[in-house]
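An overview of the molecular structure
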Amino acid sequence: MPYLSPALNVMVAAARKAGRPLIRDFGELENLQISMKGPADFVTSADQRTERILIEELTKARPGYGFLGEEGGAVEGRDKTHRFIIDPIDGTTNFMHGIPHFAISIALEREGHLVSGVIYNPVTDDLFTAEKSHGAYLNEKRLRVAARTDMGAAVIATGLPFMGKEGHARASAEMALVMNATAGVRRMGAASLDLAYVAAGRFDGFWEHGLQAWDIAAGIVMVKEAGGVITDMRGGDQMLSNGAVVSANDPLHPRLLKLLNSAKP
Ligand code: IPD
Ligand code: CA
């Protein structure tokens, strides 16, 4: 059974409640795909509504906590020691294209430290939860990062910059190195789930640059509680502020980090 602290319980309930209308929207998208206008406006409103439900539910249970959300930005609460970091739809491009790989991501920060995380894919009903010092779970199952130590057998996930984002040359250089050293690279399109999959041992590692705090906050707790390592590109812990992450198990992490830092764009 997953360990659910009172706060984690509240976060799970909020994610499940916000997930229900999101599944309906996802079904609707099939019809919208064929319209000339495309689903962009529809998705924006789904994003906003999901964040609104999350904030309403979390505020009801924890009035006074602050927020950092993709849609609403930073909102200071009366309680300066607690803050929820939320991404209403991580993997918006997948959502918009009818690809059932996206998630609601919620993290709780206490006195500047990440203490709980929920990553919920409402389509597959995969609920990832983690609480500091109490482990990480996928539904009822305790998670542990993969034990693989052979880089040549490893499957590594990443995120790639798209049109208008910086870092294309660096991403290509890094990809070339990792492609050459591993069993394969995956680009699934939702950073929160990438980290949850590292925690679950499905991926042996993950790296990406240019992420926002809400993409990764819950995933950081998840990986650490599954016994994995997650750092920024310098091997430090400034992931939330500099938006770069490298994650893997203990033996593979330093090797992946070294490989990525040797990339010459
Ligand atoms: C994006 C996803 C994607 C990552 C991007 C993020 P969004 O979040 O996590 O996998 O590559 O950097 O911005 O925009 O879908 O919430
Ligand atoms: Ca995101």
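Residues numbered from 1 in each chain as written. Chains lettered and ligands numbered in written order. Predicted model: local features only at pLDDT ≥ 70, side-chain atom pairs only at ≥ 80, totals over all residues. Heavy atoms only, no water.

**Let's talk about the sheet that holds strand β13 (residues 245-248)**
Taken together, 5 strands build an open sheet; the order of strands is β10-β9-β11-β13-β12 and the sheet is mixed. Across the chains shown, the open sheet's two edge strands, defined by having one partner strand only, are β10 (184-186) and β12 (229-231). Put simply, the sheet's adjacent strands are angled 15° from each other on average, direction ignored. Pairing of β12 with β13, which is carried by 3 bridges, proceeds in the antiparallel orientation. Looking at β13, one finds that V229 is bridged to A248. Strands β12 and β13 of the sheet are contacted by helix α6 (residues 213-225), whose axis makes an angle of about 145° with β12. Lying over the sheet, helix α8 (residues 252-261) contacts β9 (155-158), β11 (205-208), β12 and β13, oriented at roughly 145° with respect to β13. (Pairing = 2+ DSSP bridges. Helix = DSSP H or I, 4+ residues; strand = E, 2+ residues; numbered from the N terminus. Axes fitted to C-alpha atoms, helices over the stretch in contact; angles between N-to-C directions. Contact = heavy atoms within 4.5 Å.)

**Side note on the pattern of salt bridges**
For the coordinates displayed, the defined rule picks out 8 salt bridges. Linking K60 and E57 is a salt bridge whose minimum nitrogen-to-oxygen distance equals 3.1 Å. Here the residue K60 and the residue E57 both occupy positions in helix α2 (residues 40-61), the gap between them amounting to 3 residues, near one helical turn. Residue class for K60 comes out exposed when judged on its relative accessible area of 61%. Note that E109 and R83 form a salt bridge whose closest N and O atoms lie 2.9 Å from each other. One end of the pair, E109, is in strand β4 (residues 103-110); the other, R83, is in strand β3 (residues 79-90), with 26 residues separating them in the sequence. Judged by its relative accessible area of 28%, R83 falls in the partly exposed class. Salt bridges linked by common partners bring K17, E57 and K60 together as one network. (Salt bridge = Lys/Arg side-chain N within 4 Å of Asp/Glu carboxyl O. Buried < 20%, exposed > 50% of the residue type's maximum accessible area, 1.4 Å probe, protein only.)

**Observations regarding the environment of L29**
Examined against the element boundaries, L29 turns out to sit in helix α1 (residues 6-32). For L29 and M96, which are 67 residues apart along the polypeptide, the C-alpha to C-alpha distance reads 7.2 Å.

**Quick look at the domain arrangement of the protein chain**
Put simply, an interface is often sized by how much accessible area is lost when its parts join up. Examined at the domain level, the protein chain breaks down into domain 1 (6-142) and domain 2 (151-261). The straight-line distance from the C-alpha centre of domain 1 to that of domain 2 is 21 Å. At the interface, 35 residues of domain 1 touch 22 residues of domain 2. When the area that domain 1 buries against domain 2 is broken down by residue, the three leading residues are H101, I119 and F128, summing to 28%. Applying the counting rule to domain 1 against domain 2 returns 0 salt bridges. Inspection of the region where domain 1 meets domain 2 yields 6 residue pairs in polar contact (both at pLDDT 80 or more). For the side of domain 1 that touches domain 2, the secondary-structure elements that each account for two or more residues are β1 (65-69), β3, β4, β5 (113-121), β6 (126-131) and β7 (135-138). Sort the elements by how many residues they give to the side of domain 1 that touches domain 2 and β5 lands first, with 7 residues. Residues of the side of domain 1 that touches domain 2, tallied by class, amount to 15 nonpolar, 12 polar and 8 charged. (Domains from an automatic or database assignment. Buried area = accessible area lost by both parts, 1.4 Å probe. Polar contact = N/O pair within 3.5 Å; in protein donor to acceptor, adjacent residues only side chain to side chain. Nonpolar A, V, L, I, M, F, W, Y, C, P; charged D, E, K, R; others polar.)

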